[in-house]
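Breakdown of the fold
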Amino acid sequence: MSKQLPWYKQFWPWFLIVLPMCAVVASITTLKIALDNSDSLVAEEYYKEGKGINMDLRKIKYAQQIGMKFLVKVSDQELQITQQGGPEYRAALNVQFYHPTLEDKDFSINATADANYIYRIPLSAAIAGPWEVRIEGFDGKWRIQQRIDIKDDVEYWLN
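Residues numbered from 1 in each chain as written. Predicted model: local features only at pLDDT ≥ 70, side-chain atom pairs only at ≥ 80, totals over all residues. Heavy atoms only, no water.

1. Things to note about the sheet that holds strand β2 (residues 78-85)
- Pairing within the open sheet is antiparallel, and its 4 strands lie in the order β5-β2-β1-β8. Every other strand in the sheet has two partners, leaving β5 (118-122) and β8 (154-158) as the edge strands with one partner each. Between one strand and the next, the sheet's axes are offset by a mean angle of 20°, whatever the strand orientation.
- Here strand β1 (residues 69-74) pairs with β8 via 5 bridges, running antiparallel. Counterpart to Val 74 in the pairing with β8 is Val 154. (Pairing = 2+ DSSP bridges. Helix = DSSP H or I, 4+ residues; strand = E, 2+ residues; numbered from the N terminus. Axes fitted to C-alpha atoms, helices over the stretch in contact; angles between N-to-C directions.)

Written as structure tokens, this is what we have:
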């Protein structure tokens, strides 16, 4: 009869130990990746932001009631915004561009009109693709918000 080897010198105990250990190592690695790369699209204060949506809707409805309309022209170097409807508004505009998936591309600016009543916004780089555009009066009474798919040298109506 052959002498039986101790358990640590046999193949099957190590095979049965290695399989669960691989799963443990993979799950720890996955947890580290998930913690290091948090999702920036999820708001931490979602309840407060949800309550703020109602205020936004009132501003949007008010802009529709008074007939505010703007024409946005996009080129490589600048955005040109001109008012096309509603009561004449010559104060500064809060203009915000939100990319739907890439937060670092978002930008906002307070734009003032030139002598021809055109709001010009210089661009450091050409923008293209889907954007959420928000134009708000400086006093915060009205807001126009619309999603547009920007292509170069095209005009967009915001109302």
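So, next bit.
2. What to know about the sheet that holds strand β3 (residues 93-98)
- Taken together, the 4 strands give an open sheet; going across it, the order is β4-β3-β6-β7, and neighbouring strands pair in antiparallel fashion. Two strands close off the open sheet at either side, each with one partner strand: β4 (107-111) and β7 (143-150). Averaged over all adjacent pairs, the angle separating strand axes in this sheet is 20°, with direction ignored.
- Here strand β6 (residues 129-137) pairs with β7 via 8 bridges, running antiparallel. The residue bridging Glu 136 from the neighbouring strand is Arg 143, located in β7.

3. Some words on the side chain of Glu 132
- As for its position among the elements, Glu 132 is in strand β6.
- In this structure the side chain of Glu 132 is engaged in a polar contact, spanning 3.3 Å, whose partner is the side chain of Gln 145.
- When neighbours within four sequence positions are excluded, Glu 132 is seen to be in contact with Gln 96, Phe 97, Tyr 98, Gln 145, Gln 146 and Arg 147. (Polar contact = N/O pair within 3.5 Å; in protein donor to acceptor, adjacent residues only side chain to side chain. Contact = heavy atoms within 4.5 Å.)

4. Quick word on the packing of aromatic side chains
- Overall, the coordinates contain 10 aromatic pairs when judged by the stated rule.
- For the ring pair Phe 11 and Trp 12, a centre distance of 5.0 Å and an interplane angle of 75° mean the geometry is edge-to-face.
- Exposure remark for Trp 12: the relative accessible area of 55% places this residue in the exposed category.
- Consider the rings of Phe 70 and Trp 142, whose centres lie 5.7 Å apart with planes at 15°: the pair is stacked. In this pair, Phe 70 sits in strand β1 while Trp 142 sits in the loop between β6 and β7, placing the two residues 72 residues apart along the sequence.
- The exposure class assigned to Phe 70 is buried, which follows from its relative accessible area of 0%.
- A network of ring pairs unites the aromatic residues Trp 7, Tyr 8 and Trp 14 as a single cluster. (Phe/Tyr/Trp six-rings, centres within 6.5 Å; stacked < 30°, edge-to-face > 60°. Buried < 20%, exposed > 50% of the residue type's maximum accessible area, 1.4 Å probe, protein only.)

5. Brief notes about unusual backbone geometry
- Backbone geometry at Tyr 117 places phi at a positive 60°, although glycine is not the residue there.
- Within the fold, Tyr 117 resides in the loop between β4 and β5.
- The class for Tyr 117 is partly exposed, based on a relative accessible area of 43%.

6. Structural notes on a nonpolar patch on the surface
- Residues Trp 7, Tyr 8, Trp 14, Ile 17 and Met 21 make up a contiguous nonpolar surface patch of about 560 Å² in total accessible area.
- Checked against the element boundaries, Trp 7 lands in the segment before α1 (11-36).
- Using a relative accessible area of 52% as the deciding quantity, one classes Trp 7 as exposed. (Patch = residues over 30% accessible without salt bridge, like charges linked within 9 Å, V, L, I, M, F, W, Y side chains within 5 Å. Areas by Shrake-Rupley, 256 points an atom, 1.4 Å probe, with all protein chains shown as cover. Salt bridge = Lys/Arg side-chain N within 4 Å of Asp/Glu carboxyl O.)

7. Focus on the nonpolar core
- Ile 81, Leu 93 and Trp 142 are the most contacted members of the largest nonpolar core, which has 25 residues in total.
- Of all the elements in the fold, those that place two or more residues in this core are β1, β2, β3, β5, β6, β7 and β8.
- Residues contacting Trp 142, with those up to four places away along its chain left out, are Lys 59, Tyr 62, Ala 63, Met 68, Phe 70, Tyr 89, Leu 93, Ile 135, Glu 136 and Gly 137. (Core = buried A, V, L, I, M, F, W, Y, C linked by side-chain atoms within 4.5 Å.)

Keep in mind that these numbers describe shape and distance, not what the molecule does.
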